[in-house]
Amino acid sequence: MNTIALIEDNADNRLLVQAILEGLYEIVEYETGPEALAGLRSNRPDLVLLDISLPGMDGTEVLRRIREDINLAQVPVIALTAHAMSGDRERFLEQGFDDYLTKPIVDESVLLDAIAKRLVTDE
Amino acid sequence: MKWGTEERRLLAYLLLLLASVPVAFLGVGAASAPSREILGLLGGVATVLALVTAVLALVRFYTGRSAVFLYIGTGFLATAFLDGYHTLVAAPFLPTPGIGAPEDLPAWTWLASRLFLSLFLFMSWLAWYMDHRAMGEAEGPSTEPKEGQGSVYLTAALLTALTFGFFTLTPLTDPYIQGARLSRPVELIPAALFLMAALGYLWKGGWRTEPFEHWLIFALLLGAVTHGGVTVFAQSTYDGAMFTGQMLQIAGYGCVMVGLLASVFTAFKEQDRTARVITETNDALAREVETRRRAEQVLQESEERLQDFLDNANDLIQITDAEGRITYANQAWRRTLGYEKSDLEVLQLFSLVHPHSAETLREVFDSVLSGTPKSGFQVVLRRADGEPVALSGSMNPRMRNGEAVATRTIFRNVTEQVRAEQELARSRANLKALFESTGDAIWSVDQDHRLVTFNSAFSLTVEALTGRAPRPGDGVPEIVAAGQVQWFRNSYDRALAGNRFSATREERLDGVLRSYELFFHPYETVEGMAGVVVFSKDVTRRRQVEIELRRAKSEAEEANEAKSHFMASMSHELRTPLNSVIGFANILLKSHPKPEEGRDREREFLERIVANGNHLLSLINQILDLAKIESGKLELEVEQVDLRELVPLVVRQLEGQVQERPVELRYHWDVAPQPITTDPGKLRQVLINLVGNAIKFTEEGSVTVEVESDPETGTPRRIRVQDTGIGIAGQRLEKIFEAFRQADGSTTRRFGGTGLGLTISRSLCHLMGYGISVASVEGEGSTFTVDLEGGTTQPRGRNGRGVSYGRRGHEGLSTSAAEVPDGSAEAESRTVLLISHRVEFRHILGEYLEDLGYVVETEPRGDEGLERLRQGGIATAVVEFLMPEMSGWELLEHLRWGEGGEATRFLLTGLPGGPAGVDAAVQLDLVPHDVEDDAILRAIRRNTGDQPPGRLLVVEHDQHSRSELHRSLREADFVVHSVPSGPAALEFLRRVEVDVIVLDLRTPSLEGFELVDALAEASRERGGMGAGPIVVLTREPTSDDLRVRLRRMAAGRPEGPGIESSQLPQSLGRALEAGRAKPSGYGPSG
C-alpha cells in the first residue's frame, strides 16, 4: 500500500481526505510545513497532497524545499487548495506541482484519479 | 607813293582843265571855221548822242530809280530836241523849219540847248542834294525820286516848248557883242551852271567810286570849259570858237554816255557778281539745309532712342512745368499710375499725391524749383483707381536763364518693398508680442553660450535668481545660479550638436521650489549652426497636479490590489468550509445507498446538503467571475472564430441536460455565417449560459440556436437562443440581466442556478462590444439575442453603446440601440459620455440620465473614450479613474495636451480618498464613486446648467404621515428622505446634504424648535451663512407669536395646517429658490 503524506492545517479537511482515501492508501498527516518537512525526510511518502494556505510556511515554500531535498525531489506533489481563482491553476503548475486540485472536493473521483495517475506514472 | 583811283581821277580832272587852255586858245585863235556842212553834221551827231544819252539815262533811271538819272535823262532828252532844232537851224542842207531863220538863230538855239542841259545837270545834283539834306546823314543816293516823274517831264516839256516858242515868236537880238573880248557873255550862264554842277558832284564824292559820276564830272568840266573858255569868245556862229565849242559839246556828251555805259557795265558786272554770290549763297544754303536735315534726322533718331529708352525704363520718369503740370510721363509712369497718354495733359502732380505725402512732395518740389536737386525722397501717389503707390525718387530742375522752368523726376516703385517692410514690421511686432506675452522665459545664446536675445519673462527670472538683470553678451555664469553653470553648458553643447530636447529643472525662486521644463532648440543660419533657443516653461503647478494624480493613482491601484486580494481571500475562505460540507456529505451519502424502495430521509437530507453546497460553490465562482470582469482584469483573447463550429460545440456540450425531457435542442442558419473575429472562450461561455438557461426553463418543446447573417456577405449579425419555456413577465423583463434578479425568487429554488448567469453573459457581451437583449411572452417562451454588430470586429463609434436590456421595447421586445438625437447644439449640451469599464456603472447611470432627458453615450475603454471625445460634441464626460489599458488619469493626461475635449466638462469618478486637492488643467470635477449616491448626477446637472431636483428631508414622527408625505413629495419630483425624529435628522444631515427640511414641529424626542436651533448652530459651525429654508408643518393654526418666533429663529415659514395642503410643493419650490440663492444648505460638505 502506497503512502500518501497529507499536509493540511485544517482538521476538518484532514478528516475528509482521510475518509475518502481510507483503505486505499496509507495516510500520514502533517499540520505545518516544518513539521511535514521533518517527517517527510524520515519517512519518504509515495505522494504528497499539499495545501497552499498553511500558517507560517506556505505550501509553495514547502514544495520548494521538497524539490531541493535530493531524497524527496522525485516525490509527486499535488496541490489541494481553495485557491481557485482563474489563473491559479497555471500559476501552481508552473511552480512545480505535479497536479492541482481545488477545494471543495465536489467529486471525490477527481482526487482518486489524480492520485492514481501520479502513482502509476511513477512506478 | 602809290596812286589810287581817287588821285588818278583828280589828276585827270586837273589835266583836263590844263589841257583846255591850249584847246581854247587854239579854238578861239583859229581864223576860219569849218564849213557849215561839217557843223551841221556835228549838230546831228550831238543830237543823236544826246538822245542816246537821254535814253541811257532814263533806262538807268528806270532800272536804278535814282532821281539823278531822271534829271539827266529828261535834260538830255530835251537837249536832244533842242540840238535837233539847232542842227536844223544851222545845217545848210536841211530846210529851215518853221520860221525863216535869221543868221543869229543858231547862236541862240545853241545857247538854249546848252543852258537847258546845264540847268538840268545842276538840278540833278540839286535834286540829290535836297534829297541828301532831307535824308540827313543817310548814306548813298536816294532810290526814290522826291517828286513825281511827271513833274520833271512836264517841266522839261514846258521849258522846251517855251524855248521853241520863244525862238519862233520873239525877234532875236544879236547874240554877239561885236568887238568885245567877251563877245558872248551870255555863255557864262551855262558855264557857271556846269561848273557849279561839277563842283557839286565833286563835293558829293560819288566820283571816287562810281564811273558814271566820274565821267559826269569830266562832262561838266568840259561844259564849263566850253562855255567859259571857248564859246564866250565866239565872234560868230561859224567861227573857230563855236566849232571848238561844238566839238567839246560832243566830247561832253560822249563823256556822259561813256559814264552811263560804264555805269551800266558796272551795274551789269555788279549784277553778275551778285548773281554769282546768290548762286553761291543758294548752294551754301542748300548745303546748310541738307546738313540740317541730316542733323534733324540724327536728332530724331536720337530722340526716338531716348523716347524708347524712357518708355521702356522700369522707373517712372516724369517732367513737369514749374506749376507741377505733367508735361511728360513715360510708359512705366503711366502704367504704374494707371493713366493713358491722353490723360497727361490735364494731370497735375499735386492732385496725384496721397494726402500723407503732400507736404513732403511740396517741400521737395519747392526745393527743386529753387535750384537744389533732391534725391532719395519717398512719396505716395494715388493711382487712377485710388490705390496708393509708394515711390522713391530723385528730382532736379531744368534751368533757363537762371530760373527753373521745369522739373525732371525719376521715381522707383517701392510699393512692394514698403508693403514688405510693413509686413515685416507687423510680423516683427507680432512675434515680439508673442515673445513677450507668453509667461514662459525665452532666450537664445550664440555658439559661445553668450546671451543673444531674451524676453522680459527671462529677464525677471534671471533677476530673481542672480539679483542682476541680464544683458546681451552675458555668459552662462552671469545668468544662472552658480551650481548650474556646468549643466547649462552641457545642454547648450548638446543642442549645438544639433539635438532638440527638453529637460526639467528645479529652481528655488523666492524661497519656493519651482519646476521648469526647458526646451532646447538649435538654430541654424546659412553659415551653419548659429546658436540655441531655449524655452523655459514653469510647470510647477502641473508637476504638483501630476504628483497628486500619481499619488491618487497609486492609492487607487493599491486599493484595487487590496480588493483583488480580498476577493482571492474570500474565495479561499469560503471554499474551505464548503470543502468539509460537500465532502463529508458525499462520504455520508456513500454509506446511505439509494434504497430499493421507500425513502431514506437521511439520504435526502444529505443530497440537499450536497446540492446546496454545490449551488453555493457556483455562486462563489460566478461572483468572482463577475468581479473579475467588472474590475477590468479580464482581457479579450481575440481570434478568428467560425460559428459553424462553435454553435454545434455548445449544443453538443449541453445535450446531456435535456436527455430526460421532451425538449429538442437544435441549431440552424439560413445563410452560412462567415468567421468573425472575437474571443471564442467568452462567446462560448455566453452561449452556454443562454442555452443552459433556456434548457433550464423549458419543460417541453424546443431550444433553438439560430445564427442570422447578412444574406450577401455572410457576416454574422446576431445569434438568437429561442425557447418554448415558461417565458418572463413583462415587468420582470427589465430586471432579468441584473444580478440576483431571476424572474422570480422562487425560480432559483425551482430551477436552480445562481441568478448570475445572465449578468455574467451581459458583462461578457459588453466586454466584446456586443449587445444582448431579451424578448419574451409569459407562458410561451423567451428569445435572447446577442447582437454581434458593432462588436470586437468593428471599431466602436459614437453609437457604440449598442446595449439595451429590453425594458424599452413594446411587449418586451428589444431595441438594440438608443436613439441619439442629431448633433444640434441643444443635444450637444445635453450629451453625456460615460467612460467606464464597469458595466453596471455605465448601465445604471446611463439609464438614469436618459430618463432625465440626457443623451447618453458610453465607452467601455479609456482609449475609445478619448477617440470619442476628440470627435467633439460632448458636454460632460464622466470618467472612471481606474480602468484597464488606459486609465481615466491617462485619458485626462492626453486631453491636457490639447488632443480634444476642450469643450467638455469632466467628472472624474472612482478616486479613493475623495476629491480633495486634485485639480487638473482640464475642466474637472471629482465625484465620489458610488452610483447609489446621486453626487454624479448632481455634478452633471451642475455642469450642464440644469437645476438638480430639490432634495428634501422630512422630519415627521408619525409613520403614516411620514410615508404619505414622502410619497406625495416624491411624486412632485423631489428627492425625498424621511426620518422619524430630530436626532435622526441631525445624524442624517451629517451624511447627506439637503436643500430644504420639512419639519413637523412636534417630534417626540427633540422638539421642533430645538431642532431648528440645532440646525442653525450646525450651519454656523460649518461657517455657513445660517440655516437654509425650513418648512414647518403644524397641525394647529399658527399663532402670531409662534410665527414671530419661527421667523426670528430661521428663514423657514410655517405651513399649515396639515399635510393635505396642496400648496406644499409650490411652497417647497419657493423655499428651494431661496435656498439656492444662499451659498450653503444643510449637510456635511458645506
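So, here is what we can say about the structure in this document. Just so it is clear, the model here is predicted, and its values are computed rather than measured.

Considerations on the overall build of chain A
Looking only at helices and strands, chain A has five helices and five strands in total. Mapped from its N terminus to its C terminus, chain A presents α and β elements in the order β-α-β-α-β-α-β-α-β-α. Taken over 123 residues, chain A has a buried fraction of 50%. Contacts spanning at least 24 positions in sequence make up 57% of the contacts within chain A whose residues lie at least 6 apart. Of the roughly 5600 Å² of accessible surface on chain A, 47% is carried by carbon and sulfur atoms.

Topic: the pattern of salt bridges
Residues and elements named next belong to chain A. What the rule picks out here adds up to 42 salt bridges over all chains. Arg41 is the salt-bridge partner of Asp69, the closest N and O atoms lying 2.7 Å from each other. Note that Asp69 is positioned in the loop between helix 3 (59–68) and strand 4 (77–81) and Arg41 in helix 2 (residues 33–42), a separation of 28 residues in sequence. Salt-bridge contacts for Asp51 lead to Lys103; the nearest nitrogen and oxygen are separated by 3.2 Å. Taken together, the positions of Asp51 in the loop between strand 3 (47–50) and helix 3 and Lys103 in the loop between strand 5 (99–102) and helix 5 (108–122) put the pair 52 residues apart, joining distant regions of the chain. Residue Asp51 shares its accessibility class with Lys103, and that shared class is buried.

Here we look at the environment of Ile177(B)
All names here are of chain B. Structurally, Ile177 is set in the loop between helix 5 (149–169) and helix 6 (188–204). Expressed as a C-alpha distance, the spacing of Ile177 and Ala234, which sit 57 residues apart in the sequence, is 9.6 Å. Beyond its immediate sequence surroundings of up to four residues, Ile177 is in contact with Leu182, Ser183 and Pro185.

Considering the side chain of Thr226(B)
Note that Thr226(B) resides in helix 7 (residues 211–230). Excluding residues that lie within four positions of it along the chain, Thr226(B) makes contacts with Trp110(B), Thr231(B), Gly245(B), Leu248(B) and Gln249(B).

Thoughts on the nonpolar core
All names here are of chain B. Ranked by size, the top nonpolar core spans 64 residues in total, and within it Ile72, Phe76, Leu121, Leu216 and Leu220 carry the most contacts. Of all the elements in the fold, those that place two or more residues in this core are helix 1 (5–29), helix 2 (36–64), helix 3 (67–90), helix 4 (105–135), helix 5, helix 6, helix 7 and helix 8 (240–312). With 11 residues, the top contributor of residues to this core is helix 3. Setting aside anything within four residues of it in sequence, one finds Phe76 in contact with Ala50, Thr53, Ala54, Leu117, Leu121, Tyr253 and Val256. Counting residues in hydrophobic clusters, the runner-up holds 42 residues, among them Leu626, Leu683, Ile760 and Val786.

Considering helix 3 of chain B
It helps to recall that an α-helix has 3.6 residues per turn; residues three or four apart then point in one direction. Look at helix 3 of chain B: 33 Å from first C-alpha to last across 24 residues, which is about the 34 Å you get at 1.5 Å a residue. Among the 24 residues in helix 3 of chain B, 21 count as buried, and that is most of the element.

Points about the packing of aromatic side chains
Residues and elements named next belong to chain B. Scanning the entire structure with this criterion turns up 28 aromatic pairs over all chains. For the ring pair Trp125 and Trp203, a centre distance of 6.4 Å and an interplane angle of 70° mean the geometry is edge-to-face. Taken together, the residues Trp125 in helix 4 and Trp203 in helix 6 connect sequence positions 78 residues apart. The exposure class assigned to Trp125 is buried, which follows from its relative accessible area of 11%. Classification of Trp203 by relative accessible area gives exposed; the value is 53%. Here Phe501 and Phe520 contribute two aromatic rings whose centre-to-centre distance is 4.8 Å and whose plane-to-plane angle is 15°, an arrangement assigned as stacked. A residue pair is termed long-range when its members are at least 10 positions apart, and Phe501 in strand 8 (residues 501–509) and Phe520 in strand 9 (residues 512–525) qualify at 19 residues.

Thoughts on the environment of Leu82(B)
Residues and elements named next belong to chain B. Mapped onto the elements of the fold, Leu82 is located in helix 3. Sequence separation between Leu82 and Ala50 is 32 residues, and the spatial gap between their C-alpha atoms is 9.8 Å. Not counting chain neighbours up to four residues away, the residues in contact with Leu82 comprise Ala112, Ser113, Phe116, Thr160, Thr163 and Phe164.

Looking at the interface of chain A and chain B
Across the contact, 19 residues belong to chain A and 19 residues belong to chain B. Here chain A and chain B share an interface that buries about 1700 Å² over both sides, 61% of which is from carbon and sulfur atoms. Interface area lost by chain A to chain B is led by Leu16(A), Met85(A) and Pro104(A), which between them contribute 34%. If you look at where chain A meets chain B, you find one salt bridge. The residue Glu108(A) makes a salt bridge to Lys590(B) at a minimum N-O spacing of 2.0 Å. Top element by residues in the side of chain A that touches chain B is helix 1 (residues 11–21) of chain A. It accounts for six residues. Per-class residue counts for the side of chain A that touches chain B are 10 nonpolar, six polar and three charged.

With respect to a nonpolar patch on the surface
Residues Leu11(B), Leu14(B), Leu15(B) and Leu18(B) make up a contiguous nonpolar surface patch of about 380 Å² in total accessible area. Take Leu18(B): it is sitting in helix 1.

Regarding the sheet that holds strand 3 of chain A
Residue and element names in this part refer to chain A. The strand order 2-1-3-4-5 describes an open sheet built from five strands, whose pairing is parallel. Strands at the two margins of the open sheet, each flanked by one partner only, are strand 2 (26–30) and strand 5. Averaged over neighbouring strand pairs, the angle between their axes works out to 20° when direction is ignored. Bridging between strand 1 (residues 3–7) and strand 3 involves four bridges; their strand directions are parallel. Looking across to strand 3, one finds that Ile7 is bridged to Leu50. Seen against the sheet, helix 4 (residues 88–95) touches strand 4 and strand 5 and runs at an angle of roughly 145° to strand 5.

What to know about the sheet that holds strand 1 (residues 316–321) of chain B
All names here are of chain B. Pairing in this open sheet of five strands is antiparallel, and the strands run 2-1-5-4-3 from one edge to the other. Looking at which strands have only one partner, the edges of the open sheet turn out to be strand 2 (326–329) and strand 3 (374–382). Each strand axis lies, on average, 30° off the axis of its neighbour in the sheet, ignoring direction. Contacts from helix 12 (residues 415–437) reach strand 3, strand 4 (388–400) and strand 5 (403–413) within the one sheet, and its direction differs from that of strand 4 by about 135°.

Let's talk about unusual backbone geometry
A cis amide bond links Lys103(A) with the next residue in sequence, Pro104(A), at an omega value of -5°. The topology assignment puts Pro104(A) in the loop between strand 5 and helix 5. Even without being glycine, Asn401(B) reaches a positive phi, approximately 55°. Of the residues examined, Asn401(B) reaches a relative accessible area of 77% and is grouped as exposed.

Some thoughts on the packing of helix 3 of chain B against helix 8 of chain B
A pair of packed helices is characterised by two quantities: the angle between their axes and the separation of those axes. Residue and element names in this part refer to chain B. Running from N to C, helix 3 and helix 8 point in directions that differ by 145°, and their axes come no closer than 13 Å. Crossing angle aside, the handedness with which helix 3 passes helix 8 is left-handed. Counted together, Phe69, Phe76, Thr79, Asp83 and His86 of helix 3 and Gln246, Gln249, Tyr253, Val256, Leu260 and Ser263 of helix 8 form the full contact between these two elements. In the contact of helix 3 with helix 8, the residues fall into five nonpolar, five polar and one charged.

Reading the values: rules and limits
Residues numbered from 1 in each chain as written. Chains lettered and ligands numbered in written order. Predicted model: local features only at pLDDT ≥ 70, side-chain atom pairs only at ≥ 80, totals over all residues. Heavy atoms only, no water. Helix = DSSP H or I, 4+ residues; strand = E, 2+ residues; numbered from the N terminus. Buried < 20%, exposed > 50% of the residue type's maximum accessible area, 1.4 Å probe, protein only. Contact = heavy atoms within 4.5 Å. Areas by Shrake-Rupley, 256 points an atom, 1.4 Å probe, with all protein chains shown as cover. Salt bridge = Lys/Arg side-chain N within 4 Å of Asp/Glu carboxyl O. Core = buried A, V, L, I, M, F, W, Y, C linked by side-chain atoms within 4.5 Å. Expected span 1.5 Å × (residues − 1). Phe/Tyr/Trp six-rings, centres within 6.5 Å; stacked < 30°, edge-to-face > 60°. Buried area = accessible area lost by both parts, 1.4 Å probe. Nonpolar A, V, L, I, M, F, W, Y, C, P; charged D, E, K, R; others polar. Patch = residues over 30% accessible without salt bridge, like charges linked within 9 Å, V, L, I, M, F, W, Y side chains within 5 Å. Pairing = 2+ DSSP bridges. Axes fitted to C-alpha atoms, helices over the stretch in contact; angles between N-to-C directions. Left-handed = near helix turned anticlockwise from the far one by under 90°.

This is a description of form; function is not addressed.
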